[in-house]
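# Descriptive analysis of the structure
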Amino acid sequence: MGTTMVFLYILLSTLAVEVVRAQEVPIYSSGTKPLPKIDCNGIFLTYAFESRVKEYPYLKNVTAQPWAFKSTATITNAGLYELKNWKIFIGFQNDEILVSASNAVITDVDELPASVGNGTTLSGFPQTDLKTSVLTAGDLDQIQAKVEMKGSLFGIRPPGFPMPKTIKLVNDGYKCPTPYRKGGTMSACCVRDLKVKVKNTTIKFLPRLKGDMVITYDVLQAYGNNYLAQVTMDNRHPLGRLDHWNLTWEWKRGEFIDSLRGAYTRRKDTSQCMYGEAGQYYKDLDFSRVMTCEKRPIIGDLPPQREKDKDVGNIPFCCRNGTLLPTTMNETKSKSVFQMQVYKMPPDLNRTALYPPEKWRIVGVVNPQYKCGQIIRVDPTEFPDPGGLQTVSLAIATWQVVCNITRPKKGETRCCASFSAYYNDSVVPCSACACGCTNTRRCNAKEQLLLPPETLLVPFANRTDKAVIWAKIKHFKLPRPLPCPDNCRVSVNWHVSSNHVNGWAAHVTLFNWGDIDFADWFVAVQLDITGVGFQKAYSFNGTLLKEPNATVFMTGLPGLNYLVAKTNGTHPERDPKVPGKQQSVLSFHKKHLGNRPTVDRELFPTKLFFNGEECALPSILPEAGAACAAANFKTLAFLACITFLFISFF
């Protein structure tokens, strides 16, 4: 009896264990694949270093040896919230050069290959959103994106692993811990930040974007193999501006532009279609009438004369010769629009297979430098009924690109400023190489030489003799070699003309050294402390802006808002070219300063903008004591100079 009971007990225990095991092992039906095991309730990121091969040249210096590498990054939505427009940062640190990246675009650079040794940000394309496992029945293709990367790196030889510093999710509302690393892999589980308000994730698309300039890509009509798109550029920055704008992008799926209204392409090239895949598929299409087949077309605005042209015009907000003004000048001229007919290629021969171009870029002549981000699907644009009915129609699909103004790097600006003052008879000119230099072997890019005021009216090539003579008269140190030119198209002179106990005044003079006229120009001057005391501008329109703070915004009066290009001088043998010039006087009060006297640096701009571009400022200011020092301490001259400065200051 006892033996039977023991046998039954063992049998029941074995059955119980098997039942538990059966419950633990998932049962998959035919065609269903299991999800990888991920212990993460959020967005799971991985980076895996796969391989490397030594590249030419073969070097003995280990730190300089290049290696070709392959790696893979995965982004898996293992949480309960859909991830829209995913973006990850990979902190490369071994002087990597990225050559290719599948299923993603690099948002930090315009094109590949690119140096990413300080890290880079990748955004999903064409799969921009990652849905949840719950809403897709565990479909890995919809909840996971895999980015396969190839490139070159330097320095780390086997068996070491050239891993990045970190990997993290860049999307708002998530926080990522320090990645866990083991050998050639690293991973991180990024979870939602509870301190950030959870946005409504039931909407189909992201809300409309905000930025300095927003470019909207609307699909108005869609057919099987082509669609009609409208591109709208909105200038939303108070100092943003573009003149003779050029807009470019990159087609990713073989598309080409059949026709344009409200704009034109700088190059009409159909050879890529005729001798490529498009020519094989569209055998009966007359490509001589196609606008362009370039993968990276350059689009420009039409002149005003074509605004009512029935073939290429008749588009609202078009045909302004590429001028986009800030809203502070003219709100109706802060927008530009054009339309284009786009042909698609297989396999996108479905009216719902719509893919916008990538890698947008927009530039002007002497304007701010814009950095454009990734194009993002947003809520469809609403258009009012053209017949006046109380109804709106929606675009079939809408994407937006945000282009923000970036501060120009040293030597990359296209305008500069010079400083002068009533208390010093020398001018501090624009810095050497302020707008870049191509060759500094015969000139000095670091030194600056003070000039007599009249030299501001002549080109740099005609200043040398006068500058040398002035240096000898004033006993200035003459650098060898002499300073390089500033190489700027536009220069602005800021001259402090007076400073007394109740207020002060300054002259502003614009010089156009380029070959292009500037219509409807503007200048903005930021004075951090004294700017709020602005009273009036004479011969210019002057306004004190609330944003940016303490900024005086100036435009030309009607009939005087045209800054012409340089022209031939009256005496060609001495002054072969004369710049276009405009001048005004600004007055300021000191009520906000109380009884405190101003110091010299408070009377000069901390930032100066011409047509939206931040101009290079001199590294030094006019010295109040320089005029007295030039008197060589001769009793009468020196005392007279000191007395004049004392009276002017108080």
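The rules behind each value
- Residues numbered from 1 in each chain as written.
- Predicted model: local features only at pLDDT ≥ 70, side-chain atom pairs only at ≥ 80, totals over all residues.
- Heavy atoms only, no water.
- Helix = DSSP H or I, 4+ residues; strand = E, 2+ residues; numbered from the N terminus.
- Contact = heavy atoms within 4.5 Å.
- Areas by Shrake-Rupley, 256 points an atom, 1.4 Å probe, with all protein chains shown as cover.
- Disulfide = S-S within 2.5 Å.
- Polar contact = N/O pair within 3.5 Å; in protein donor to acceptor, adjacent residues only side chain to side chain.
- Phe/Tyr/Trp six-rings, centres within 6.5 Å; stacked < 30°, edge-to-face > 60°.
- Buried < 20%, exposed > 50% of the residue type's maximum accessible area, 1.4 Å probe, protein only.
- Salt bridge = Lys/Arg side-chain N within 4 Å of Asp/Glu carboxyl O.
- Pairing = 2+ DSSP bridges.
- Axes fitted to C-alpha atoms, helices over the stretch in contact; angles between N-to-C directions.
- Core = buried A, V, L, I, M, F, W, Y, C linked by side-chain atoms within 4.5 Å.
- Arc of directions from axis to C-beta.
- Patch = residues over 30% accessible without salt bridge, like charges linked within 9 Å, V, L, I, M, F, W, Y side chains within 5 Å.
- pLDDT = per-residue confidence, 0-100.

## Some remarks on the overall build of the chain
When helices and strands are counted, the chain shows 8 helices and 40 strands. A sequence separation of at least 24 residues applies to 70% of the contacts in the chain between residues at least 6 apart. Of the accessible surface of the chain, which amounts to about 34500 Å², a share of 54% is contributed by carbon and sulfur atoms.

## Brief notes about the state of the cysteines
Inspection of the entire model under this criterion finds 10 disulfides. The partner cysteine of cysteine 176 in its disulfide is cysteine 190, sulfur to sulfur 2.0 Å. On the sign convention where negative is left-handed, the bridge of cysteine 176 and cysteine 190, at about 115 degrees about the S-S bond, is right-handed. In this pair, cysteine 176 sits in the loop between strand E10 (174-175) and strand E11 (180-182) while cysteine 190 sits in strand E12 (residues 185-192), placing the two residues 14 residues apart along the sequence.

## Looking at the side chain of serine 123
Within the secondary structure, serine 123 is located in strand E7 (residues 120-124). There is a polar contact of 3.1 Å between the side chain of serine 123 and the side chain of glutamine 374. The contact partners of serine 123, leaving out residues within four places of it in the chain, are Trp86, Lys87, Asn103, Ala104, Val105, Thr107 and Gln374.

## What to know about the packing of aromatic side chains
All chains considered together, the criterion is met by 22 aromatic pairs. For the ring pair phenylalanine 256 and tyrosine 282, a centre distance of 5.9 Å and an interplane angle of 85 degrees mean the geometry is edge-to-face. Here phenylalanine 256, found in strand E16 (residues 256-261), pairs with tyrosine 282, found in the loop between helix H5 (277-281) and strand E18 (298-301); they are 26 residues apart in sequence, far enough to count as distant. Each member of the pair, phenylalanine 256 together with tyrosine 282, is buried. Within the aromatic cluster, the residues linked to one another by ring pairs are Tyr217, Trp249, Trp251, Trp360 and Trp399.

## Some remarks on the pattern of salt bridges
On inspection of all chains with the given rule, the structure shows 13 salt bridges. A salt bridge links glutamate 82 to lysine 84; its shortest N-O distance comes to 3.8 Å. Among the ionic pairs, arginine 407 bridges to glutamate 614, the shortest N-O distance being 3.0 Å. Note that arginine 407 is positioned in the loop between strand E25 (397-406) and strand E26 (415-421) and glutamate 614 in strand E40 (residues 613-614), a separation of 207 residues in sequence. For arginine 407, a relative accessible area of 59% corresponds to the exposed category.

## Some details on the sheet that holds strand E32 (residues 534-538)
Across the sheet, which stays open at both edges, the 6 strands sit in the order E27-E26-E28-E29-E38-E32 with mixed pairing between neighbours. The sheet is open, and its two edges are formed by strand E27 (424-428) and E32, each paired on a single side. With strand direction ignored, the average angle separating the axes of adjacent strands in the sheet is 20 degrees.

## Considering the nonpolar core
Of all hydrophobic cores here, the largest spans 35 residues; its most connected members are Trp494 and Phe610. Of all hydrophobic cores here, the second largest spans 33 residues; its members include Met233, Ile257, Met291 and Ile375.

## Observations concerning the environment of aspartate 311
Considering the arrangement of structural elements, one finds aspartate 311 in the loop between E18 and strand E19 (335-343). A residue is classified by how much of its surface remains accessible, and aspartate 311, at 53% relative accessible area, is exposed. The spatial distance from the C-alpha of aspartate 311 to the C-alpha of glycine 262 is 9.5 Å, given a sequence separation of 49 residues.

## Side note on helix H6 (residues 464-474)
Buried residues of H6: Ala467, Val468, Trp470, Ala471 and Lys474, and no others. Looking straight down H6, one finds that the buried residues subtend no more than 165 degrees of arc, so they occupy a single side. Seen from the open side of H6, the exposed residues pointing more than 90 degrees away from its buried face are Asp465, Ile469, Lys472 and Ile473. Of the surrounding secondary structure, the elements contacted by the buried residues of H6 are E27. Of the residues trailing H6, histidine 475 is marked for its positive phi of about 60 degrees.

## Points about a nonpolar patch on the surface
On the surface, a nonpolar cluster with roughly 470 Å² of combined accessible area is contributed by Leu80, Tyr81, Val134 and Leu135. Following the sequence through the fold, tyrosine 81 ends up in the loop between strand E2 (66-77) and strand E3 (87-90). Here tyrosine 81 falls in the partly exposed class, since its relative accessible area comes to 35%.

## Comments concerning the pairing of strand E14 (residues 226-235)
Counted residue by residue, E14 has 10 buried out of 10 residues, so it is predominantly covered. Burial along E14 is two-sided: Asn226, Leu228, Gln230, Thr232 and Asp234 and Tyr227, Ala229, Val231, Met233 and Asn235, pointing in opposite directions, are all buried. Relative to E14, strand E13 (residues 213-222) is paired through 9 bridges, and the arrangement is antiparallel. From the neighbouring strand, methionine 213 faces E14, where its bridge partner is asparagine 235. The pairing of E14 with E19 spans 9 bridges and is classified as antiparallel. Of the residues in E19, the one forming a bridge with methionine 233 is serine 336.

## A short note on unusual backbone geometry
Proline 57 follows tyrosine 56 through a cis peptide bond whose omega is -5 degrees. Cis geometry marks the peptide bond from proline 346 to proline 347, where omega comes out at 10 degrees. We note that lysine 359 has phi near 55 degrees; this positive angle belongs to a residue other than glycine. Mapped onto the fold, lysine 359 is located in strand E20 (residues 358-363).

## Side note on the sheet that holds E18
With respect to topology, 4 strands assemble into an open sheet ordered E17-E18-E15-E20, the strand pairing being antiparallel. In this open sheet, the two edge strands, each paired with only one partner strand, are strand E17 (263-265) and E20. Across the sheet, the axes of successive neighbouring strands diverge by a mean angle of 25 degrees, strand direction being ignored. The pairing of E17 with E18 spans 3 bridges and is classified as antiparallel. If you follow alanine 263 over to E18, its bridge partner there is aspartate 301.

## Some thoughts on the confidence of the model for the chain
Averaged over every residue, the pLDDT of the chain is 86; the share at 70 or more is 88%. Low pLDDT, under 50, characterises residues 19-31; the predicted model gives this stretch 1 contact beyond four residues in sequence or across chains. With pLDDT under 50 throughout, residues 629-650 is counted as low confidence; its partners more than four residues away or in other chains account for 20 contacts.

## Notes on the environment of leucine 545
Take leucine 545: it is sitting in strand E33 (residues 540-545). Residues leucine 545 and glutamine 526, 19 residues apart in the sequence, show an inter-C-alpha distance of 9.6 Å. Non-local contacts of leucine 545, meaning those with residues more than four positions away in its chain, are made with Leu239, Thr328, Ala550, Thr551 and Phe553.

## Topic: the environment of alanine 432
Mapped onto the elements of the fold, alanine 432 is located in the loop between E27 and H6. In the structure, alanine 432 is positioned 54 residues away from aspartate 486 in sequence and 4.8 Å away in space, judged by C-alpha atoms. Excluding anything up to four places from it in sequence, alanine 432 contacts Asn444, Ala445, Glu447, Pro483, Cys484 and Pro485.

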